[in-house]
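Remarks on the overall topology
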Amino acid sequence: MSSTLAKIAEIEAEMARTQRNKATAHHLGLLKARLAKLRRELITPKGGGGGGPGEGFDVAKTGDARIGFVGFPSVGKSTLLSNLAGVYSEVAAYEFTTLTTVPGVIRYKGAKIQLLDLPGIIEGAKDGKGRGRQVIAVARTCNLILIVLDVLKPLGHKKIIENELEGFGIRLNSKAPNIGFKKKDKGGINLTATVSGGGPWGGGLAGEMVVIRLTVLSAARGQYPVCLLSYRVYIPCIYVLNKIDQISIEELDIIYKVPHCVPISAHHRWNFDDLLEKIWDYLKLVRIYTKPKGQLPDYTSPVVLPDSRTTVEDFCMKIHKNLIKEFKYALVWGLSVKHNPQKVGKDHTLEDEDVIQIVKK
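An unreviewed UniProt entry lists the protein chain under the name Developmentally-regulated GTP-binding protein 1, from Echinops telfairi.

What follows is the structure in structure tokens.
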């Protein structure tokens with residue numbers, strides 16, 4: 001790993017001393033691609049005698065969504081998880097208590113949500129310090145990240161954590177750029193992106209269509225430019241400001257106005273309702289209730305889908321992949337239809353808390 005870190009440092013140094021202009025754009029693009037490849041290797045090191053990513057980090061993904069608690073040591077992550085989910089994660093008033101990933105599960109509005117208390121992050125995690133590399137690798141698999149901050153400590157901690165996460169390609173509270181491309185036999189590719197001001201491509205291009213000419217080297221071997229690699233992930237984030245029992249009401253009023261923030265006291269269990277409601281909003285889950293023929297709907301165990309995949313076909317695939325093969329049509333009650341019930345096909349898009357009955361062939 002040390003050799004990989006050394007290569008990363010060399011590339012970063014070369015990029016820092018290279019002037020940015022049209023003549024060096026191609027060279028900088030190649031450096032960025034090499035940097036992305038090396039950072040991916042840090043996340044998923046090559047096999048050998050090391051025995052995997054480390055004890056406690058290989059956590060099976062369960063439930064309808066996964067939330068990662070990220071923060072500096074001793075900001076209250078373990079206390080928050082324990083009080084939310086009733087899971088014991090060793091808690092103490094000194095730093096670095098949690099040394100492995102501790103999983104817990106809560107049920108909220110019918111959804112089963114996995115909570116991961118990740119070991120305290122430190123500055124330099126993206127460069128392999130401590131166990132930061134494994135922490136961030138697990139964070140990449142989450143549907144939502146909660147950055148837990150001590151309200152008494154400087155918000156500089158917030159910037160450090162964001163920098164560490166960004167170093168591994170995690171983009172918080174931003175949408176992926178709308179990129180489409182077609183491979184050509186020769187002459188590189190035409191890449192088209194719709195960008196808005198201040199987005200990932202930079203500001204000043206509100207809604208305009210930009211066509212960028214790229215030359216793809218060694219396309220047969222899959223060496224595409226960094227912007228086309230699946231290195232970056234876009235994850236929603238909530239900043240949880242803990243220990244509000246130690247600040248004034250006036251300071252609390254100011255915190256409430258900060259975007260993406262929820263003030264809490266993990267120890268006293270204050271404001272957990274607001275936190276859970278914000279978690280639900282950011283996860284963007286859709287609950288679908290099933291109705292067996294001749295029976296009442298089952299409102300106790302909804303089928304939970306992400307709001308990006310809510311067709312009847314997605315619903316069938318979530319239950320069992322063979323169900324879509326036997327599918328004839330579905331009867332739906334709820335906001336997604338004009339009549340209750342309404343006969344629909346597999347491409348119909350469902351809404352939250354719809355009721356569905358599948359009719360097989």
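So, on to the overall build of the protein chain. Broken down by element type, the protein chain carries eight helices and 16 strands. Taking all 361 residues of the protein chain together, the buried fraction comes to 42%. Considering only contacts within the protein chain whose residues lie at least 6 apart along the sequence, 57% involve residues at least 24 apart. When the accessible area of the protein chain is evaluated, it comes to approximately 20,000 Å², of which 52% is carbon and sulfur surface.

The subject of this paragraph is the nonpolar core. Membership of the largest hydrophobic core comes to 55 residues, with the highest contact counts inside it found for I67, F69, L80, I145 and I147. The greatest single-element share of this core, amounting to seven residues, is contributed by helix α7 (residues 272–283). Residues contacting I147, with those up to four places away along its chain left out, are V70, I161, L165, L172, C237, I238, Y239 and V240. Among the nonpolar cores identified, the runner-up in size contains 16 residues, and L305, V332, V344 and I356 belong to it.

On to the pattern of salt bridges. All chains considered together, the criterion is met by eight salt bridges. In this structure, the salt-bridge partner of E162 is K158, at a minimum N-O distance of 3.2 Å. Of the two residues, E162 and K158 are both situated in helix α5 (residues 156–167); the distance of four residues between them amounts to about one turn of the helix. According to the relative accessible area criterion, E162 is buried, its value standing at 16%. A salt bridge links E353 to R287; its shortest N-O distance comes to 3.7 Å. Of this pair, E353 sits in the loop between β15 (342–344) and β16 (354–360) while R287 sits in strand β12 (residues 285–290), and the two are 66 residues apart along the sequence. Three or more residues joined by partner-sharing salt bridges are found here, namely K158, K159 and E162.

Structurally, R269 can be placed in the loop between β11 (261–263) and α7. Along the chain, R269 and N83 lie 186 residues apart, while their C-alpha atoms are 7.1 Å from each other. Within the structure, R269 has its side chain in polar contact with the side chain of N83 (distance 3.1 Å).

Burial of helix α3 (residues 77–85) is extensive: eight of the nine residues sit out of reach of the surface. Those residues of α3 lying buried are K77, S78, T79, L80, L81, S82, N83 and L84. G86 occupies a position one or two residues after α3 and carries a positive phi of about 70 degrees.

Mapped onto the elements, D117 comes out in strand β3 (residues 111–117). Although D117 lies buried, it forms no salt bridge, and the closest oppositely charged side chain, K77, sits 4.3 Å away as judged by the N-O distance. In this structure the side chain of D117 is engaged in a polar contact, spanning 2.7 Å, whose partner is the side chain of S78.

What follows covers the environment of V151. Mapping V151 onto the fold places it in the loop between β4 (144–150) and α5. What makes V151 buried here is its relative accessible area of 18%. Taking the C-alpha atoms as reference points, V151 and N242, 91 residues apart in sequence, are found 5.7 Å from one another.

What counts and what doesn't
Residues numbered from 1 in each chain as written. Predicted model: local features only at pLDDT ≥ 70, side-chain atom pairs only at ≥ 80, totals over all residues. Heavy atoms only, no water. Helix = DSSP H or I, 4+ residues; strand = E, 2+ residues; numbered from the N terminus. Buried < 20%, exposed > 50% of the residue type's maximum accessible area, 1.4 Å probe, protein only. Contact = heavy atoms within 4.5 Å. Areas by Shrake-Rupley, 256 points an atom, 1.4 Å probe, with all protein chains shown as cover. Core = buried A, V, L, I, M, F, W, Y, C linked by side-chain atoms within 4.5 Å. Salt bridge = Lys/Arg side-chain N within 4 Å of Asp/Glu carboxyl O. Polar contact = N/O pair within 3.5 Å; in protein donor to acceptor, adjacent residues only side chain to side chain. Lys, Arg positive; Asp, Glu negative; His and termini not counted.

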